[in-house]
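Spelled out from the first residue to the last, the chains are:
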Amino acid sequence: MGLDSGSSHFTDMRSTNTDLNIEECGNAMILKAYPIGVLRVADNVNGEDEGKSRIEPYVGLEFDSADEARDFYCQYAEHVGFKIRTGQLYRSRADGSVSSRRFVCSKEGFQLNSRTGCPAFIRVRKRDSGKWVLDQVQKEHNHELELAGENHSPIVHQRNPSVTRSSINVSHRPKMKLFEEVDNGRPCPSGVISFKRLKRGGGEGECAAEPCTGLEFNSANEAYQFYQAYAESMGFRIRIGQLFRSKHDGSITSRRFVCSKEGFQHPSRVGCGAFMRIKRKEFGSWIVDRLQKEHNHDLEIQVGSNRKNFAASKKFIEDVSGGLDSVDIADINNGIVTKRSRENNIGSEWYTVLFEYFQTRQAEDTGFFHSVEVDNGRCMSVFWADGRSRFSCSQFGDAIVFDTSYRKTNYLVPFATFVGVNHHKQPVLLGCALVANESKESFTWLFQTWLRAMCGCRPKSIIADQDRAIHQAIAQVFPRTHHRFSMWQIKAKEREFLRTMSNEFRYEYEKCIYQSQTNVQFSTMWSALVNRYGLKENVWLKEMYEKRECWVPLYLRGSFFAGIPIGESIESLFGTTLTAQTPLREFISRYNQGLERRREEEKKEDFNMFNLQAFLQTKEPIEEQCRKLYTLTMFKLFQKELVQCYNYLVMKTYEEATIVRYLVRNCGNEDEKHVVTFSALNVNCSCQMFEFEGMLCRHILRVFNLLEVKEIPSQYILHRWTRNAVYGVLRDAESGFSAQELKALMVWSLRETACKYIESGTGSLEKHKLAYEIMREGGNKLCWQR
């Protein structure tokens, strides 16, 4: 699923559980509340520490500088029991100055194993006056805090207060604003609002209504129409933001409608914080529980316009498959529903910079490829790959990672990469892209373009996000490719779901996921789990079970993934050199820097492979065989399996004709048992290590040892893991690739070799003569001459 950027990801932390004074006035109800920003000085009611107040973060708190805000949050964190770090910063599009900063819990994100994706944070925004105001806050953590007991608050120095704060005694949280009178002096009722009362254009007999906290609607669709009408009268446009679902049954519990300029995905967006959130009540009606009216941009009020009342709106589909999305939704105009043109999250200035880079690269690299998606005459997504990446795909394009790490954060650059694993187990670039929007059309175009650039070499497997648009695009373009979900997404959703579950449930859940050995066993354990805890109708669990082949280890082990671990998140190829926040002026230089660093690492491994030799640890002939064939990295992995195989006992359990079965058991752990099956043509193990990683496991090697096999059959040594992988995978291709794919492999293998001749032959005149003579002699053998 896609991430909305900007403020739509964060909930307004003003409490809905405030102490209000309520007066009944006829059929209307007026709520009296304290203004935003009034906070009880809880720990200073006795006048201790004069001039200081012990407070906790709240929306509206002001600071002289961003550093002061950080110091405040740091002190607060120390008292509560967690640590902080500096998160994202946002810059003004006008002058590039920092306009807002985020300070987050140290366990935010998933880059390290110690992090849990904690959502706690504060965000401060710079005002025109130079002050920094806290405009977003999330206090809840998804992990245990270090301090137990009372929740102390930090000491904050006041700045010349005009009123002695210690005399104030109100509730801990800032209060809702006092309801204003609307409808020409009449108070806005807190009961269900009639949509017919709304004014859109000044019709007689109609009264204008503004959104206010506590306003009720019969349906979410009615609330959407109301906010749409209000936006028209005020001079801004809206779109659908986040929706929130119940953890119990998956039903929608609240929705956010945001200003169209919310977020930063597009240059026209300025991170506007205006929104209205509605929450579903017990009996099906919806109530406005959070509201922000202020915009950070000019409104486009059309005075005296004769816009007609619209009578239709996009209907809300409140089931697991839908809800209005924040992108690619329908425009509603005069009762006619028309599809909005696809959004483009790439600023126009990017195209100019990239095309200049592409022209430069094409002059230097004849194998450079780039393509641009065009939609209704507009440039959309961009894809590019240099000759080295295209050749690498001919070698290592069997298992790829479609890395869209930019979606984890509020991104400025929707930069995605295609990454493979080379014969040293290093990540290798197979193509780059800027994604216009997260629609099926964009991803379908991108995958088709990648396939065309790589001469039709289809991967056996692909690791990509659990996103409906991506999943559908993969199924369309790579119908026989096994799609595996990105682990960072699975882990994040698991943490959110398991946070409310008991320890017993977590144990049984993880046992079902990670210890099931057969399809029947997994289905049985899963059914027992959801039935025991009454989760049979849970929407998230239903969806995950239906897509079990994309994330459960049992269903992944039978497909080749080049040994990319199932339970670990994958490191970005460019690391911190290139992120979703990289500014345009630095993008190309950082891209080249990160790519050069990775390719230098590959050159070092190549050098070590040809100049160093690993030590043998056994006297087995197959160890010497593999030392000569495998790269250093792969030989060490093989050697580990070979050494470990001596810890297993083998017992023949079945034999008929050419089929023989062996039970291989760990001497130190009797519960670890595997079945190795031999036939006339092949051998396989129940652990499926060869199928998943392309290397024989210790269980098969133990049986080989027992049967005194002196040499591993050639079909069990994948060419992609050998020293000669740099010359392409032609040996494997002879029996497993189409004629088109085989030709592509030969083209890139020869082109890469020719490039090496050119690079070496231009070093000096003598080397040029030598390289020329070698190629001329080869040309004679290939009958170049007529």
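Relevant structure appears above.
Residues numbered from 1 in each chain as written. Predicted model: local features only at pLDDT ≥ 70, side-chain atom pairs only at ≥ 80, totals over all residues. Heavy atoms only, no water.

S.K.: Is there a simple way to think about the overall build of the chain in this case?
M.R.: Across its full length, the chain carries 19 helices and 29 strands. Relative to its full complement of 786 residues, the chain shows a buried share of 48%. Here the analysis covers contacts within the chain between residues at least 6 apart in sequence; of these, 59% occur between residues at least 24 apart. Carbon and sulfur atoms form 49% of the exposed surface of the chain, whose accessible area is close to 39900 Å². (Helix = DSSP H or I, 4+ residues; strand = E, 2+ residues; numbered from the N terminus. Buried < 20%, exposed > 50% of the residue type's maximum accessible area, 1.4 Å probe, protein only. Contact = heavy atoms within 4.5 Å. Areas by Shrake-Rupley, 256 points an atom, 1.4 Å probe, with all protein chains shown as cover.)

S.K.: Whenever I open this one, the side chain of Asn437 confuses me. Can you help?
M.R.: With respect to the element layout, Asn437 can be found in the loop between strand S23 (427–434) and helix H5 (440–453). Asn437 gets classed as buried once you look at its relative accessible area, which sits at 5%. If near-sequence neighbours (up to four positions away) are discounted, Asn437 is found in contact with Arg342, Glu343, Asn345, Met380 and Ser442.

S.K.: Honestly, the pattern of salt bridges in this entry has me stumped. Any pointers?
M.R.: It is possible for side chains of opposite charge to pair when their charged atoms get near one another. Scanning the model with the defined rule gives 29 salt bridges in all. Put simply, Lys425 and Glu693 hold a salt bridge, and the shortest N to O gap is 3.3 Å. Of this pair, Lys425 sits in the loop between strand S22 (415–421) and S23 while Glu693 sits in helix H15 (residues 689–693), placing them 268 residues apart in sequence. The class of Glu693 is buried, set by a relative accessible area of 14%. A salt bridge links Arg597 to Glu601, with the shortest nitrogen-to-oxygen separation between them at 3.5 Å. Within this pair, Arg597 and its partner Glu601 are both found in helix H12 (residues 584–611), separated by four residues, close to a single helical turn. (Salt bridge = Lys/Arg side-chain N within 4 Å of Asp/Glu carboxyl O.)

S.K.: What is the right way to look at unusual backbone geometry in this model?
M.R.: In terms of backbone geometry, most residues other than glycine have negative phi values and most peptide bonds are trans. Phi is positive for Lys425, close to 65°, though the residue is something other than glycine. With a phi angle near 55°, Ala657 is a residue other than glycine that sits in the positive phi range. Relative to the elements of secondary structure, Ala657 occurs in the loop between strand S26 (648–656) and strand S27 (659–666). We classify Ala657 as exposed; its relative accessible area is 74%.

S.K.: Please clarify how the pairing of strand S15 (residues 275–280) should be interpreted in this entry.
M.R.: Regular strands place their side chains on alternate faces of the sheet. Bridge count for strand S14 (residues 252–259) against S15 is five bridges, and the pairing is antiparallel. Its bridge partner being in S15, Phe257 is matched across the sheet by Met276. Alignment of S15 against strand S16 (residues 286–292), held across six bridges, turns out to be antiparallel. Within S16, the residue paired with Arg277 across the bridge is Arg290. Where S15 folds back on S16, the antiparallel hairpin that results is connected by five residues, among which Gly284 adopts a positive phi of roughly 100°. (Pairing = 2+ DSSP bridges.)

S.K.: Even after reading the chapter, I still don't get the nonpolar core, so can you show me in this structure?
M.R.: Within soluble globular proteins, side chains that are nonpolar generally end up buried alongside one another. By size, the foremost hydrophobic cluster in this structure holds 91 residues, and its most contacted members are Trp384, Phe415, Tyr591, Phe638 and Ile712. Contact partners of Tyr591, with chain neighbours within four places excluded, come to Tyr357, Trp384, Phe415, Leu429, Cys432, Phe574 and Leu578. (Core = buried A, V, L, I, M, F, W, Y, C linked by side-chain atoms within 4.5 Å.)

S.K.: Explain the packing of helix H7 (residues 487–498) against helix H10 (residues 539–546) here, please?
M.R.: Each pair of packed helices gets described by two things: the angle between the helix axes and the distance between those axes. Running from amino to carboxyl end, H7 crosses H10 at an angle of 150°, the nearest separation of the two axes being 12 Å. As for the relative orientation of H7 and H10, their crossing is left-handed in sense. Across the interface between the two elements, Ile490, Lys493, Glu494 and Phe497 of H7 pack against Trp540, Leu541 and Met544 of H10. A class-by-class count of the residues in the contact of H7 with H10 yields five nonpolar, no polar and two charged. (Axes fitted to C-alpha atoms, helices over the stretch in contact; angles between N-to-C directions. Left-handed = near helix turned anticlockwise from the far one by under 90°. Nonpolar A, V, L, I, M, F, W, Y, C, P; charged D, E, K, R; others polar.)

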